Amino acid sequence: MSIDVIVVGLGFGADFAPIYQAHPDVGRVAVVDADPVRTTAVADRLGITDRFPSLDEALAAPGWDAVHLLTPVRFHAEQVQQVLKSGRHCASAVPMATTLEDLDALIAAQDDAQRNYMMMETAVYSREFFHARSLLDSGKLGRLAYFKGDHLQNLDGFPDYWLGYPPMHYVTHALSPALALANTRVESVRCLGSSKLTPDHIGVAGAGFGTEAALFKLAGDDLVANVTMSFFQLGRSYLEGFSVYGDEGALEWPQLEGGPMKEFKLEQLPDGRRGRPVTEADVRPPGAPELLPEALKRFADGGHGGSHPHLVHEFVSSIVENRKPRVDARTAATWTAPGICAHQSALQGGAEIQVPDYGAR
Ligand SMILES: NC(=O)c1ccc[n+]([C@@H]2O[C@H](COP(=O)([O-])OP(=O)(O)OC[C@H]3O[C@@H](n4cnc5c(N)ncnc54)[C@H](O)[C@@H]3O)[C@@H](O)[C@H]2O)c1
């Protein structure tokens, strides 16, 4: 079986269209962008003849099994529902949505349509995540003890719709690795906002903070994930990653992007010594190209930890194999809602907020 896929939004989407073209289970690939100049430029470069000026027109066309949305965040909730209602499978860039009501609506839309929805979370298909997973599975970390996540990125000069964007509404890259490794959800969150947005940084979301720092209490265990998100008013270079700590070892994200990760191993306590010695090693995780079809391996060196071909492969395979994708709507909501609740907490001066249980891990 092969499927035909429409890629919508040709900023980030221009990276994904060629991966679909190369996938052995994908037949035709079409592209859509609201900007006709961009559509022509990308489609010509990739040799794609099927082009649509809008999602409406693409969905009105016969055929086409699946749609991958890479449009601005404010369109995700509405467009995902539109795609699912049209009877197509739908992949969406993060975040799933920015309100709890929309998360519920997308779960209902997935269930009603009986089609696959997948949130394309790059962090859990990165080479760093594959390495963390193998350290945990091989026992090298011991029992999980603590997580840290950071996403620090200056959004000045980004398209206007990012202005004043609540940082915690984009928490999934920094938090989902913890939830995936611990196989759990967030029970409650306390978050503080730091650095009130200056008038020139306030956008449609209203008053808020340049930086938000949250403590997420994970369910069913005694674990905490400590996540800092910042999009404005922070004089620091880009950092987007996670660190995981066990009682026998740890894997830490580099302080500067591009540097090696640090792997730690707690050694036995020698007689008469205070504190167990720790060995440290630099590590550059190789990723898991062996999990990809041969034709996609050449994309495994790409951005976001080489995650893009893995995401495409999981979305396409889930459709072809008639099974749920790894990050279906319930899992996506489980990873997205904590950030929505964290921003609420920050607006309420750090009040503890309970996070809904979507029944997924
Ligand atoms: N690591 C990650 O997972 C990651 C990284 C970057 C971006 N993203 C997500 O990808 C999405 C796109 O990001 P971007 O940086 O490419 O955004 P962008 O604003 O640079 O580009 C969006 C594109 O979509 C087009 N567009 C806008 N509205 C449209 C509509 N209604 N129908 C069709 N096309 C439309 C625009 O013309 C533009 O070409 C965002 O949701 C962002 O959050 C995720």
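Cut-offs used in this document
- Residues numbered from 1 in each chain as written.
- Predicted model: local features only at pLDDT ≥ 70, side-chain atom pairs only at ≥ 80, totals over all residues.
- Heavy atoms only, no water.
- Phe/Tyr/Trp six-rings, centres within 6.5 Å; stacked < 30°, edge-to-face > 60°.
- Lys NZ or Arg CZ within 6 Å of the ring centre and 35° of its normal.
- Helix = DSSP H or I, 4+ residues; strand = E, 2+ residues; numbered from the N terminus.
- Polar contact = N/O pair within 3.5 Å; in protein donor to acceptor, adjacent residues only side chain to side chain.
- Salt bridge = Lys/Arg side-chain N within 4 Å of Asp/Glu carboxyl O.
- Near = heavy atom within 4 Å.
- Areas by Shrake-Rupley, 256 points an atom, 1.4 Å probe, with all protein chains shown as cover.
- Nonpolar A, V, L, I, M, F, W, Y, C, P; charged D, E, K, R; others polar.
- Domains from an automatic or database assignment.
- Pairing = 2+ DSSP bridges.
- UniProt positions renumbered as here; feature names shortened; annotations may be inferred.
- Core = buried A, V, L, I, M, F, W, Y, C linked by side-chain atoms within 4.5 Å.
- Buried < 20%, exposed > 50% of the residue type's maximum accessible area, 1.4 Å probe, protein only.
- Contact = heavy atoms within 4.5 Å.
- Axes fitted to C-alpha atoms, helices over the stretch in contact; angles between N-to-C directions.

(A) Structural context of the packing of aromatic side chains. Under the defined criterion, the tally for this structure stands at 12 aromatic pairs. Ring centres 5.1 Å apart and planes at 85° place the aromatic pair Phe12 and Phe16 in the edge-to-face group. Ring-pair connections join several aromatic residues into one group, and the members of that group are Phe158, Tyr161, Trp162, Tyr165, Tyr170 and Phe231. The ring of Trp64 carries the charged tip of Arg28 above its face, separated from the ring centre by 4.1 Å.

(B) Structural view of the side chain of Arg185. By secondary structure assignment, the location of Arg185 is in the loop between helix H7 (172-182) and strand S8 (186-196). One polar contact links the side chain of Arg185 to the main-chain carbonyl oxygen of Val355, over a distance of 3.2 Å.

(C) Structural context of the pattern of salt bridges. Summed over all chains, the structure comprises 16 salt bridges. Between Asp137 and Arg133 there is a salt bridge whose closest N-O contact spans 3.6 Å. A residue pair is termed a helical-turn pair when its members lie 3 or 4 positions apart in one helix, as Asp137 and Arg133 do in helix H6 (residues 127-137) at 4 residues. Across the pair Asp282 and Lys262 runs a salt bridge, and its minimum N-O distance is 2.5 Å. Of this pair, Asp282 sits in strand S14 (residues 278-283) while Lys262 sits in strand S13 (residues 261-266), placing them 20 residues apart in sequence.

(D) Spatial organisation of the site of the ligand. Not every one of the 24 residues close to the ligand is listed here, only the nearest: Phe12, Asp33, Arg38, His76 and Tyr161. The side chain of His76 places a nitrogen or oxygen atom 2.8 Å from an oxygen atom of the ligand. A distance of 2.9 Å separates an oxygen atom of the ligand from a polar atom in the backbone of Val94. For the ligand, whose free accessible area comes to 850 Å², the fraction covered by protein is 82%. Along the lines of polarity and charge, the residues of the shell around the ligand split into 13 nonpolar, 8 polar and 3 charged. Here the shell around the ligand gathers at least three residues from each of two domains, domain 1 (3-122 + 294-329) and domain 2 (124-286 + 336-354).

(E) Geometry of the sheet that holds strand S4 (residues 66-69). Taken together, 6 strands build an open sheet; the order of strands is S3-S2-S1-S4-S5-S6 and the sheet is parallel. Strands at the two margins of the open sheet, each flanked by one partner only, are strand S3 (51-52) and strand S6 (117-119). Sheet analysis places strand S5 (residues 89-92) next to S6, joined by 3 bridges and oriented parallel. The residue of S6 that forms the bridge with Ala91 is Met118.

(F) Expanded view of the UniProt feature "domain: Gfo/Idh/MocA-like oxidoreductase N-terminal" (unreviewed entry) in the protein chain. UniProt records the feature "domain: Gfo/Idh/MocA-like oxidoreductase N-terminal" (unreviewed entry) for residues 4-118 in the present numbering. Overall, residues 4-118 shows 44% helix and 21% strand. The separation of its end C-alpha atoms is 16 Å.

(G) Just the nonpolar core, in detail. Ranked by internal contacts, the top residues of the largest apolar core, which has 118 residues, are Tyr20, Met96 and Phe216. Among the elements that line this core, the one with the most residues is helix H10 (residues 329-347), at 9 residues. If you count residues domain by domain, this core takes at least three from each of domain 1 (3-122 + 294-329) and domain 2 (124-286 + 336-354).

(H) Inspection of the sheet that holds strand S15 (residues 353-354) at higher detail. Read across the open sheet, the 9 strands follow the order S14-S13-S12-S11-S7-S10-S9-S8-S15; overall the sheet is mixed. Looking at the sheet topology across the chains shown, the edges are occupied by S14 and S15. For strand S7 (residues 144-152) and strand S11 (residues 239-246), the ladder comprises 8 bridges, and the chain directions are antiparallel. From the neighbouring strand, Tyr146 faces S11, where its bridge partner is Tyr245. Its contacts with the sheet put H7 on S7, S8, strand S9 (209-218), strand S10 (224-230) and S11, and the angle it makes with S7 is roughly 160°.

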